[in-house]
Amino acid sequence: MTQQLIGYRSSWMEKLARFGYISKGIVYSIVGLLAAQVAFGSGGRTTDTQGALHTIVSQPFGKFLLALVAIGLIGYVILRFVQAIKDPENKGTDAKGIAQRIGYAINGLVYAGLALSAVQIILGSGKAGSSNSTEDWTARLLAQPFGQWLVGTIGAFTIGLGFYQFYEAFSAKFRRQLNLTELDDSERKLVMGISRFGLLARGIVFCIIGWFLIQAATLSDASKAGGLDLALQTLAQQPYGPWLLGIVALGLIAYGIYMVIQARYRHVMTR
């Protein structure tokens, strides 16, 4: 009986975790779609994951749809904390394993904040404006002792995450986490291509955000910090900006699809 209960709980958590990947994918796909519309001159706007939530709630049956996304994000957060604390993937307790598990916990905290924002929007207490939340928390950190060092370190870490996305894209290391045996060769190549494109785009965005944070730390000016929306705006303002923005926007859509691929084919271990 105990084993049956454990198996039921594991199955329930696995389904919720897979739903979480889908919710994360939806959010990134919306950000990418809106940016692609800007790049191709058909409306849209550059926004971040918070803006994606507001876009969802503004649709017909928006609160219901956003509630589903919020539930999925909560599932994703639970998965990340389980991975960090219970270590079902056997990352271990050496330096590399601890670093990966801390990364899971940080990722869980980030998406816990996004899930909380979704709930606040549903309840009508979420901010409908375009306030720069990255600038807000950067200002709070800069006001602390050694604040410039803290912000600079976070910026360097964010750039490091960007380069790790590049590494994952070029090494295709993520392939080990996917069970693609039911796909034929052409389907596997398509899945790998979409996944790599998505990881590259996310890596570019992380590097730009990290650079913003380093500038904010160097100048002790929180207004220099920016998140995903400012990163996309910056791309649009460069020479050949619409092309750059369009490529990265399509890449973010590809990353959203990659999350759905993860939901379908990833080996999800919860115990």
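Since this is a predicted model, take the numbers as computed values, not measurements.

Asks: Looking at this structure, how should I read the pattern of salt bridges?
Replies: Working definition: two side chains of opposite charge can pair if their charged atoms are close together. By the definition in use, this model includes six salt bridges. A salt bridge links R266 to E89, with the shortest nitrogen-to-oxygen separation between them at 3.3 Å. On the criterion of sequence distance, the pair formed by R266 in the segment after α9 (241-265) and E89 in the loop between α3 (62-85) and α4 (95-123) is long-range, its members being 177 residues apart. Take E89: its relative accessible area is 17%, and that puts it in the buried class. Its salt-bridge partner being R264, residue E182 comes within 2.9 Å of it at the nearest N-O pair. Highlighted residues: E182 in the loop between α6 (147-171) and α7 (185-219) and R264 in helix α9, separated in sequence by 82 residues. Through salt bridges with shared partners, a single ionic network connects E89, K91 and R266.

Asks: Honestly, unusual backbone geometry in this entry has me stumped. Any pointers?
Replies: Trans peptide bonds make up the majority, and among non-glycine residues the majority have a negative phi. Residues other than glycine seldom take positive phi values, yet F61 does so here, at roughly 60°. The topology assignment puts F61 in the loop between α2 (49-57) and α3. Judged by relative accessible area, F61 falls into the exposed class, the value being 71%. A positive phi angle, near 55°, is found at D87, a position not held by glycine. By secondary structure assignment, the location of D87 is in the loop between α3 and α4. The class for D87 is buried, based on a relative accessible area of 12%.

Asks: How do you make sense of the side chain of D87 when you look at a structure like this?
Replies: Among the polar contacts made by the side chain of D87, one reaches the main-chain amide nitrogen of K91 at a distance of 2.7 Å. For D87, the residues in contact, after removing those within four places along its chain, are V82, G92 and R101.

Asks: I tried to follow the nonpolar core on my own but got confused; where do I start?
Replies: Within soluble globular proteins, side chains that are nonpolar tend to cluster in buried spots. Core analysis: the biggest nonpolar cluster contains 61 residues, and L53, L232 and L252 have the highest contact counts within it. Elements supplying a minimum of two residues to this core: α1 (2-39), α2, α3, α4, α6, α7, α8 (228-236) and α9. If you tally residues by element for this core, the top one is α7, at eleven residues. Setting aside its immediate chain neighbours within four residues, L252 contacts Y28, S29, V31, G32, A201, V205, L228 and L232.

Asks: Before we go on, may I ask you to explain the packing of α2 against α4 in this structure?
Replies: Packed helix pairs are characterised by how far apart their axes lie and by the angle those axes make with each other. Relative to each other, α2 and α4 sit at 30°, their axes nearing to 10 Å. Between α2 and α4, the crossing angle belongs to the class labelled roughly parallel. The handedness of the crossing between α2 and α4 is right-handed. Taken together, the residues of α4 that come into contact with α2 (itself represented by T49, Q50, L53, H54 and V57) are L114, S117, A118 and I121.

Conventions we followed
- Residues numbered from 1 in each chain as written.
- Predicted model: local features only at pLDDT ≥ 70, side-chain atom pairs only at ≥ 80, totals over all residues.
- Heavy atoms only, no water.
- Salt bridge = Lys/Arg side-chain N within 4 Å of Asp/Glu carboxyl O.
- Helix = DSSP H or I, 4+ residues; strand = E, 2+ residues; numbered from the N terminus.
- Buried < 20%, exposed > 50% of the residue type's maximum accessible area, 1.4 Å probe, protein only.
- Polar contact = N/O pair within 3.5 Å; in protein donor to acceptor, adjacent residues only side chain to side chain.
- Contact = heavy atoms within 4.5 Å.
- Core = buried A, V, L, I, M, F, W, Y, C linked by side-chain atoms within 4.5 Å.
- Axes fitted to C-alpha atoms, helices over the stretch in contact; angles between N-to-C directions.
- Parallel < 35°, antiparallel > 145°, perpendicular 65-115°, else oblique.
- Left-handed = near helix turned anticlockwise from the far one by under 90°.

Any functional reading would require information beyond the geometric quantities listed.
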